[in-house]
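Tertiary structure, described
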Amino acid sequence: MTAGDSVDVRQYRSSTSVSTALRRELVDCWVAVTNAGGAAGFPFPPVTTAQVEPAVDALSGELAEDRCRILVAERHGGVLGWLVLRADAPALTAHNGSVHHVQSHPAARGRGVGTALLSRAHEIARDELGLEQLRLAARDGMGLESFYARLGWKEIGRWPGALRLSPGDDRDEILMALHLA
C-alpha cells in the first residue's frame, strides 16, 4: 500500500450506530466475499442480498459496548472489509473473546485490509475489553492458516471433517488462538 492508500478501521458498538448506508455496504461486501469463494459464514455460494441482509441485521442487533463490536475497514468512506469481535459473557471465560466473519472485499485483497482489521481487533480486545486471549475458526483448504500465523495466531486444534461443503468435500475446521500481550 502507498501512503495515500491507508486503511481506516472504525468500530461500531451499538445497533443504532450502524446506518442504513453502512448496513448496505456490509451486506454488499459479504455477498461479494462469499460469491468469490470466501468462508465468511455462508458455505454455499452464490448468495443473494436477500439471504445476507438478515444475518447483518442479527449481528447489528447483538452489538454492545462491553461484549460485541463490528470493526469496519474503510478507505475514502467505502467499506473494504469487516469482522465481528465478541467478548465471552460467562464469568469462567470472561477473559476470552472470539473473532468472526473476517472478510475483505475481493477487490481490496492483498492491500492490508485483513491485517489492519485483525491488528485493530487485537488492540480493542486487549485495551478496551480487557481480554487476554482471542480465538477463531477457519475453514481448511483456504490457505488462511499462514495468514493468521503471520499475525501471531497459533493453530490449537482441528475438528476433522466438521464442514461439509458438498458431498465428498468435507473440510476441517481449524481452531486458532492469539494470546494478547
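Scroll up for the structure.
Below or above, wherever it landed, is the structure these notes cover. (Residues numbered from 1 in each chain as written. Predicted model: local features only at pLDDT ≥ 70, side-chain atom pairs only at ≥ 80, totals over all residues. Heavy atoms only, no water.)

**A closer look at the sheet that holds strand S5 (residues 133-139)**
- Sheet architecture is open: seven strands sit in the order S1-S2-S3-S4-S5-S7-S6, paired in mixed fashion. Both outer strands of the open sheet, strand S1 (8-12) and strand S6 (154-166), are each paired with one neighbouring strand and no more. Strand-to-strand twist in this sheet, taken as the mean axis angle between neighbours without regard to direction, amounts to 25 degrees.
- Sheet topology places strand S4 (residues 96-104) next to S5; three bridges connect them, and they run parallel. By the bridge assignment for S5, asparagine 96 is matched with glutamine 133.
- Most of the contacts of helix H3 (residues 113-128) go to strand S3 (residues 78-87), to which it runs at about 35 degrees, and overall it touches S1, strand S2 (68-75), S3, S4, S5 and strand S7 (169-179). (Pairing = 2+ DSSP bridges. Helix = DSSP H or I, 4+ residues; strand = E, 2+ residues; numbered from the N terminus. Axes fitted to C-alpha atoms, helices over the stretch in contact; angles between N-to-C directions. Contact = heavy atoms within 4.5 Å.)

**Details of the nonpolar core**
- Core analysis: the largest hydrophobic core is formed by 27 residues, its most contacted members being Leu83, Leu85, Val99, Leu134, Tyr148 and Trp153.
- Going through the elements one at a time, S2, S3, H3, S5, helix H4 (144-150) and S7 are the ones with two or more residues in this core.
- Contact partners of leucine 134, with chain neighbours within four places excluded, come to Leu85, Gly97, Ser98, Val99, Ala121, His122, Ala125, Trp153, Met176, Ala177, Leu178 and Leu180.
- Residues Leu22, Trp30, Val33 and Val79 belong to the second largest nonpolar core, which totals 22 residues. (Core = buried A, V, L, I, M, F, W, Y, C linked by side-chain atoms within 4.5 Å. Buried < 20%, exposed > 50% of the residue type's maximum accessible area, 1.4 Å probe, protein only.)

**Comments concerning the side chain of glutamate 74**
- By the element assignment, glutamate 74 lies in strand S2.
- The class of glutamate 74 is buried, set by a relative accessible area of 8%.
- Here tyrosine 12 takes part through its side chain, which lies 3.4 Å from a polar atom of the side chain of glutamate 74.
- The residues touching glutamate 74, leaving out its near neighbours within four places in the chain, are Ser6, Val7, Asp8, Arg10, Tyr12 and Leu80. (Polar contact = N/O pair within 3.5 Å; in protein donor to acceptor, adjacent residues only side chain to side chain.)

**Remarks on helix H2 (residues 49-62)**
- For H2, built from 14 residues, the straight-helix expectation of 20 Å at 1.5 Å per residue is met to within 8% by its first-to-last C-alpha distance of 20 Å.
- Within the span of H2, buried status applies to Val52, Val56, Leu59 and Ser60. End-on view of H2: buried residues confined to an arc of 100 degrees, all on one side of the axis. For H2, the exposed residues lying more than 90 degrees away from the buried face are Ala50 and Gly61.
- Of the surrounding secondary structure, the elements contacted by the buried residues of H2 are helix H1 (20-35), S2, S3 and S4. (Expected span 1.5 Å × (residues − 1). Arc of directions from axis to C-beta.)

**Here's the deal with unusual backbone geometry**
- Here the residue pair proline 45 and proline 46 is connected by a cis peptide bond, since its omega of 5 degrees sits within 30 degrees of zero.
- Along the chain, proline 46 falls in the loop between H1 and H2.
- Within the chain, histidine 76 stands out as a residue other than glycine whose phi angle is a positive 55 degrees.
- Here histidine 76 is to be found in the loop between S2 and S3.

**Topic: the packing of aromatic side chains**
- On inspection of all chains with the given rule, the structure shows four aromatic pairs.
- Between tryptophan 30 and phenylalanine 42, the aromatic rings sit 5.1 Å apart at their centres with planes inclined by 65 degrees, giving edge-to-face as the arrangement. Here tryptophan 30, found in helix H1, pairs with phenylalanine 42, found in the loop between H1 and H2; they are 12 residues apart in sequence, far enough to count as distant.
- Taking relative accessible area as the criterion, tryptophan 30 reaches 2% and is therefore assigned buried.
- Where tryptophan 30 meets tryptophan 82, the ring centres are 5.2 Å apart and the plane angle is 80 degrees; that geometry is what we call edge-to-face. Placement of the pair is tryptophan 30 in helix H1 and tryptophan 82 in strand S3, with a sequence separation of 52 residues. Taken individually, tryptophan 30 and tryptophan 82 each receive the classification buried, so the pair is uniform in this respect.
- Clustering of aromatic rings is evident, with ring pairs tying together Trp30, Phe42 and Trp82. (Phe/Tyr/Trp six-rings, centres within 6.5 Å; stacked < 30°, edge-to-face > 60°.)

**Quick word on the pattern of salt bridges**
- On inspection of all chains with the given rule, the structure shows 18 salt bridges.
- Salt-bridge contacts for glutamate 65 lead to arginine 13; the nearest nitrogen and oxygen are separated by 2.6 Å. Here the residue glutamate 65 occupies a position in the loop between H2 and S2, and arginine 13 occupies one in the loop between S1 and H1, the gap between them amounting to 52 residues.
- The class for arginine 13 is partly exposed, based on a relative accessible area of 30%.
- The network of salt bridges with shared partners includes Arg13, Glu65, Arg69, Arg120, Glu123 and Glu128. (Salt bridge = Lys/Arg side-chain N within 4 Å of Asp/Glu carboxyl O.)

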